[in-house]
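# Per-entry structural report
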2 protein chains.
Amino acid sequence: MAKVDGASEEQSALIFLGTGCSGGVPKAQCLIRPSNPPCPVCSQSLSVKPEHNPNYRCNTSLLIDYCQTNGDHNYILIDVGKTFREQVLRWFTYYKIRRVDCVLLTHEHADAVHGLDDMCSMQQSGLVNDASQIPVYATQECMDSALSRFPYLRKSEHKQGRVDWKIIEENFEKPFVASGLQVYPLPVMHGEDYVALGFLFGNKCRVAYVSDVSQFPSTTEDGE
Amino acid sequence: MAKVDGASEEQSALIFLGTGCSGGVPKAQCLIRPSNPPCPVCSQSLSVKPEHNPNYRCNTSLLIDYCQTNGDHNYILIDVGKTFREQVLRWFTYYKIRRVDCVLLTHEHADAVHGLDDMCSMQQSGLVNDASQIPVYATQECMDSALSRFPYLRKSEHKQGRVDWKIIEENFEKPFVASGLQVYPLPVMHGEDYVALGFLFGNKCRVAYVSDVSQFPSTTEDGE
């Protein structure tokens, strides 16, 4: 939605590509069957430019613009939901983002993974990283579910333009390094019996990003 | 993309909700890594209002605004692809379309069915027809494939807001009636060994809509 830190080219930054619900904002029904008076959020959302518009909200997603110690930037995307194409058109153009280096998935619901198809189209055209297969970090369960819907995203050594799946271990005790950034998975409850992940990262500034949560397990709440 | 017939409330009309490729137009890479000079199609597509903009093309989809003999209108949607939400925001608002009565699917690729999730969210909020389950016409193969990706769209008599799947028989010899409109399925080749459907409909004007085709089998080409 907005870049909150690091206008300088020598700093890292967080770009909130979306902060909306699964169906996004505006809600179609607010526009097509407006209340009286009309809902101000939805009615204004189509007429205001993206950079001045807090009311056009795509699926929750964060782009980490990670500036390494050598000054090189890596672009780490958390979640790639149903509205990914809209988010690229609105924010990648505005912030002049030219590629994605890797993806972290919080869980396998449509608002977190259904843009994988569009992302791979971009990848084939060279927009997503320079490697032939983009690393996507997810739990085994998340990967299995995504592959049941997108079987053509299965890793294949003989096929370019697909996904290099990286499994996040289920005990969640170890950090992993994604495009140079050390990341700790933060298991949280999303609904009663469904575990989703948040992610903890950053050295100068410590950031915990938890996008879809109903309850924090004590091990996550009390942890580092 | 545009309404080509029937501005009158007493006429039927065709509204082309999308005429673009699977990834849609504009292409992200044209905007983020522009050529010199920039591609005029993509560079203009974000700054022009929908109704004056032939260069913002969503997934191929047709909305039939069918005016019956008693003057009542039914809204029959052919395909509900990845960009369905954008199409609702751009065209349902412009043409004041308040609902969809039924859906016909040409095939099960992402650019034809991946908007089902968003469509059902609209349905739950009362935007898509008044019945509790929206009729979706598809071949058995198309339905099975869609359900493998969206298992929560399985028909259930105990659950509102889902899909009432109507199977189009594989011999394609019989027409069916969808929201009052008689429709003939037109099998066509989409690639070498993949059958997709077009649809033939209309009494005053005979319309054949074939959106994704590489070759016409002689039985379809020579038929009615």
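Residues numbered from 1 in each chain as written. Chains lettered and ligands numbered in written order. Predicted model: local features only at pLDDT ≥ 70, side-chain atom pairs only at ≥ 80, totals over all residues. Heavy atoms only, no water.

Chain A appears in an unreviewed UniProt entry as Metallo-beta-lactamase domain-containing protein from Carnegiea gigantea.

### Quick word on the overall build of chain A
Secondary structure summary: chain A contains 7 helices and 10 strands in total. Taking the contacts inside chain A whose residues are at least 6 apart along the sequence as the reference set, 64% of them involve residues at least 24 apart. (Helix = DSSP H or I, 4+ residues; strand = E, 2+ residues; numbered from the N terminus. Contact = heavy atoms within 4.5 Å.)

### Quick look at the interface of chain B and chain A
With 36 residues of chain B in contact, the opposing surface of chain A contributes 36 residues. For the pair chain B and chain A, the summed buried area comes to about 2800 Å², and 56% of that belongs to carbon and sulfur atoms. When the buried area of chain B at its contact with chain A is split by residue, I32, R33 and R85 of chain B rank highest and sum to 25% of it. Counting the contacts that link chain B with chain A gives 6 salt bridges. (Buried area = accessible area lost by both parts, 1.4 Å probe. Salt bridge = Lys/Arg side-chain N within 4 Å of Asp/Glu carboxyl O.)

### Considerations on the side chain of H73 of chain A
Here H73 of chain A is to be found in strand β3 (residues 73-78). A polar contact of 2.5 Å, which involves the side chain of H73 of chain A, links it to the side chain of D65 of chain A. (Polar contact = N/O pair within 3.5 Å; in protein donor to acceptor, adjacent residues only side chain to side chain.)

### Considerations on the pattern of salt bridges
This structure, assessed with the given rule, holds 14 salt bridges over all chains. K166 of chain A serves as the salt-bridge partner of D164 of chain A, at 3.3 Å between the closest nitrogen and oxygen. Overall, the relative accessible area of 13% leaves D164 of chain A in the buried class. Among the salt bridges present, the one from K174 of chain A reaches E169 of chain A, with a minimum N-O distance of 3.8 Å. Relative accessible area serves as the criterion here: at 53%, K174 of chain A is assigned to the exposed category. Each of K82 of chain A together with D117 and D118 of chain B takes part in a single network of salt bridges with overlapping partners. (Buried < 20%, exposed > 50% of the residue type's maximum accessible area, 1.4 Å probe, protein only.)

### Considerations on helix α3 (residues 84-95) of chain A
Residues and elements named next belong to chain A. Taking 1.5 Å per residue as the helical rise, α3 with its 12 residues ought to reach 16 Å, and the 15 Å between its terminal C-alpha atoms agrees with that figure. A large share of α3 lies buried, amounting to 10 of its 12 residues. Buried residues of α3: F84, R85, E86, Q87, V88, L89, R90, W91, F92 and Y95, and no others. Positive backbone phi, at 55°, marks K96, one or two positions downstream of α3. (Expected span 1.5 Å × (residues − 1).)

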